[in-house]
Amino acid sequence: MILAGVFGGILFVLLLLGDWYQFTSLRPFAAQYGFGIARRRDCLDNLTSQALLAQFGQHDTIPLPHGVARWFGVQEVISLRPSYQLFSMRFRTAWPLKGTITLHPTESGVELHLTKRVPWSSGLLTLIWLGLVAIGTVAFLVTFGIDGGFGSAGGWALALGVGGLGTLVLLFGLIMVSLAYRLEDSRLMQVYQELQDVWRNPHQPPAGSSQVASSE
């Protein structure tokens, strides 16, 4: 049993590492990898898809001050990723975001369809964690009531204590996820704005490009 538990733990860690590797990779197989959690649309007037794609240089990549954008021709999608550094001074969360952009020509220009994505492991583990807390708390209270636990003042106190604790854990988890999303979303939107600036001003280097090393 112990050996099976150790093997299961190692397998679980390997799955997490593999999931994050694919999420952060800029290879074609990972172009649209990740759990989509939000969408956004923007329009660039007086521009064409051909003009935007022509700005992708060597390896179909545009380096940005705080990230990178890469065009995948086979999938017809742009992968937008903030910079991830192993020994960075910036606080990282367990819910990193990256974006995938598809281009849609319009009469006035190009419409950008951005999908914000998180690693599958982050999304699934968060849903499982919050679900277990909510379902476990409700299941305990229902079972406790069926067994006659509410028949005394002590029973009511125990039920209120367990219910309150479950609610606090649930609220703490929701607040933590919300704060992490806002932080990671601000980083992704910064890179998204830098990419749009490059497209609008192709001959002007992105603002802050000389400070990439210090900012990361």
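Here, every reference points to the structure presented above.
**Student:** Give me the layout of surface pockets: which residues, what numbers.
**Tutor:** Each pocket or cavity is described by its volume, and for the largest pocket that value is around 240 Å³. Lining of the largest pocket is provided by 13 residues; of these, Ile-37, Trp-95, Gly-123, Thr-126 and Val-177 occupy positions nearest its centre. Those elements giving two or more residues to the lining of the largest pocket turn out to be strand 1 (35-45), helix 3 (120-146) and helix 4 (153-200). Counting residues per element, the lining of the largest pocket draws most heavily on helix 3, which supplies five residues. Taken together, the residues of the lining of the largest pocket break down into ten nonpolar, three polar and no charged.

**Student:** Tell me what's going on with the sheet that holds strand 5 (residues 98-105), and back it up with residues and numbers.
**Tutor:** Taken together, the six strands give an open sheet; going across it, the order is 1-6-5-4-3-2, and neighbouring strands pair in antiparallel fashion. Each edge of the open sheet carries a strand with a single partner, namely strand 1 and strand 2 (61-64). Adjacent strand axes in the sheet meet at a mean angle of 20 degrees when their direction is disregarded. Relative to strand 3 (residues 67-72), strand 2 is paired through four bridges, and the arrangement is antiparallel.

**Student:** Give me the lowdown on the pattern of salt bridges, citing residues and values where you can.
**Tutor:** For the structure on display, the rule yields three salt bridges. With a closest N to O distance of 3.4 Å, Glu-184 and Arg-187 form a salt bridge. Remark: Arg-187 and Glu-184 occur in helix 4; sequence separation between them is three residues, near one turn of the helix. Just as Glu-184 is buried, Arg-187 falls in that class too.

Rules used throughout
- Residues numbered from 1 in each chain as written.
- Predicted model: local features only at pLDDT ≥ 70, side-chain atom pairs only at ≥ 80, totals over all residues.
- Heavy atoms only, no water.
- 1 Å grid on protein atoms, 1.4 Å probe; cavity = no way out; pocket = protein on both sides within 12 Å on 5 of 7 lines; lining within 4 Å.
- Points joined across faces, edges and corners; volume = space filled by probe spheres on them.
- Helix = DSSP H or I, 4+ residues; strand = E, 2+ residues; numbered from the N terminus.
- Nonpolar A, V, L, I, M, F, W, Y, C, P; charged D, E, K, R; others polar.
- Pairing = 2+ DSSP bridges.
- Axes fitted to C-alpha atoms, helices over the stretch in contact; angles between N-to-C directions.
- Salt bridge = Lys/Arg side-chain N within 4 Å of Asp/Glu carboxyl O.
- Buried < 20%, exposed > 50% of the residue type's maximum accessible area, 1.4 Å probe, protein only.

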